[in-house]
Amino acid sequence: MTVRVVLADDQPLVRSGLRVIMADYPDLEVVGEAATGAEAVQLVRDASPDVAVMDIRMPGMDGIEATRLITAGPATTRVLVLTTFDEDDHVYGALRAGASGFVVKDMALDDILAAIRVVASGDALIAPGVTRRLIADFIGRPAAVPERSPGPVEGITEREREVLTLVGRGRSNTEITEDLFITVATAKSHVSRLLTKLGARDRVQLVITAYETGLVTLPR
């Protein structure tokens, strides 16, 4: 199945570079480009792409507000945030706005394309390694601390609480099975129930919940 993509970035070079690279892959199709958040929102409404690759810093409406409007609307488009790790302090805000993950501009192009496919498949880009490090860094910054105080997670079992904690730490389903000595099918089942019980869109929101409720904290 072809993944239909909108590229939203105020740098034409970034958009053209991604478009040229993606043209070599038959499973990826760029259906539109936007230089502002407002243009991205309109493009999503008009073209209904599977994924919007969204820069954060754009003139006028930024990527965070565009993400919020896209995910709050009727479209099923999922948002993959495009950011510069050393500069952007708003990744956590973008995730809270409904983004399903994010990639860093200096990542390998193959990794960026893989991230688009992951998000299009309905999963979220919460994986070991660089993604875990990025999320931990941004959530740990004072400007990114959630407004509400940590509290208990109600309505879930003790085992589900353990799974939520591991998801918050960036553990994959396979790693969760190793930590809890359960099968992959059981791990997937626990994650699915957590999504339903907590009203979470995807794994990204489970990570946010784990941090907000204090199940996962960063070392001081």
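Scroll up for the structure.
The sections below set out a description of the structure shown in this document. These numbers come from a predicted model, not from an experiment.

Procedures and definitions
- Residues numbered from 1 in each chain as written.
- Predicted model: local features only at pLDDT ≥ 70, side-chain atom pairs only at ≥ 80, totals over all residues.
- Heavy atoms only, no water.
- Buried < 20%, exposed > 50% of the residue type's maximum accessible area, 1.4 Å probe, protein only.
- Helix = DSSP H or I, 4+ residues; strand = E, 2+ residues; numbered from the N terminus.
- Pairing = 2+ DSSP bridges.
- Right-handed = clockwise from strand over helix to strand, strands pointing away.

The next subject is the pairing of strand β1 (residues 3–8). The buried fraction of β1 is high, at 5 of 6 residues. Looking at chain direction, β1 and strand β2 (residues 28–34) are connected through 6 bridges and run parallel. Bridging from a neighbouring strand, L7 pairs with E33 of β2. Each parallel crossover has a hand, and the one from β1 via helix α1 (residues 12–22) to β2 is right-handed. Bridge analysis of β1 against strand β3 (residues 51–55) gives 4 bridges, and the strand direction is parallel. Its bridge partner being in β3, L7 is matched across the sheet by V53.

What follows deals with the pairing of β3. In terms of burial, β3 is a largely internal element, 5 of the 5 residues being buried. Across the two faces of β3 the burial is the same, with V51, V53 and D55 and A52 and M54 all buried. Note: β3 against strand β4 (residues 78–83), 5 bridges, orientation parallel. Residue pairing for β4: A52 is matched across the bridge by V79. Between the parallel pair β3 and β4, the chain is carried across by helix α3 (residues 63–72), and the sense of this crossover is right-handed.

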